[in-house]
Amino acid sequence: MGKTKTKDSRQPFLIWQCQIRQIAMREDDGRPSPGMCPRVLDESGAELSPALTVLLVPKAPEESTAFFRFQVMKSADPRETYEKALRHLQADYFQEPKSFSDRLLAILPADAPLADALVSGKRCVLDFAQRRYAFRLSCKVKALDVGDADREAAIWHNRVFNPALPDTVQVLAFKPDWKTAEIKN
């Protein structure tokens, strides 16, 4: 497997992420695939977590947040909510990689030691791999505040799959350093 550093691996990464997410929605009922759940390493390479599900959010998340919030709030039947949101995600949601932010998000319980370690360390490495593609991204990490548009997007997106998700979760943002990103294929 060759390993390369490239000046701009952002677009190949977003294209790959959109492709694997579209497949997960269409073929696996929205279950996260391995490429959506990178290993989390500290900067010295020690593993902090074998897998952490991360989300892609649109650059302007307000429309999708409103859609997911509406679906969750309008029905008391979680199955109906899930099916309607899944149809939305299966359609053209992941068709335009350029419409997504390169900031990745993850939701963790309020008292998660991993969240505390990531926030206090301020940096980590996300190691993505699925099939013949792999990306290793050094990232800045920060917790998103209540009211942040990306935080709201992550919470409402996840409530489609887990309606009992509390407001007290921690939402972490990972901002990759694209100059040091590695692509393996």
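Up top is the structure these notes are about.
Residues numbered from 1 in each chain as written. Predicted model: local features only at pLDDT ≥ 70, side-chain atom pairs only at ≥ 80, totals over all residues. Heavy atoms only, no water.

Draft legend 1. Representation of the packing of helix α2 (residues 62–74) against helix α3 (residues 78–90). α3 packs onto α2 with a crossing angle of 160° between their chain directions and a minimal axis gap of 8 Å. It follows from the interaxial angle that α2 and α3 lie roughly antiparallel. Viewed along their axes, α2 and α3 form a crossing whose handedness is right-handed. Facing Phe67, Phe68, Gln71, Val72 and Lys74 of α2, the residues of α3 in contact are Glu80, Thr81, Lys84, Ala85, His88 and Leu89. When the residues that make up the contact of α2 with α3 are grouped by side-chain class, the tally is five nonpolar, three polar and three charged. (Axes fitted to C-alpha atoms, helices over the stretch in contact; angles between N-to-C directions. Helix = DSSP H or I, 4+ residues; strand = E, 2+ residues; numbered from the N terminus. Parallel < 35°, antiparallel > 145°, perpendicular 65-115°, else oblique. Left-handed = near helix turned anticlockwise from the far one by under 90°. Contact = heavy atoms within 4.5 Å. Nonpolar A, V, L, I, M, F, W, Y, C, P; charged D, E, K, R; others polar.)

Draft legend 2. Highlighting the packing of aromatic side chains. Inspection of the entire model under this criterion finds 13 aromatic pairs. When the ring of Phe13 is compared with that of Phe128, the centres are 5.0 Å apart and the planes differ by 70°; the resulting orientation is edge-to-face. Residue Phe13 is located in helix α1 (residues 10–27), and its partner Phe128 is located in strand β5 (residues 123–130); the two are separated by 115 residues in the primary sequence. Of the two residues, Phe13 and Phe128, neither departs from the other in class, the shared state being buried. Arranged with centres 5.6 Å apart and planes meeting at 70°, the rings of Tyr93 and Phe100 form a pair that is edge-to-face. Residue Tyr93 is classed as buried on the basis of its relative accessible area of 12%. Stacked on the ring of Trp156, the Lys or Arg Arg159 has its end atom at 4.7 Å from the ring centre. (Phe/Tyr/Trp six-rings, centres within 6.5 Å; stacked < 30°, edge-to-face > 60°. Buried < 20%, exposed > 50% of the residue type's maximum accessible area, 1.4 Å probe, protein only. Lys NZ or Arg CZ within 6 Å of the ring centre and 35° of its normal.)

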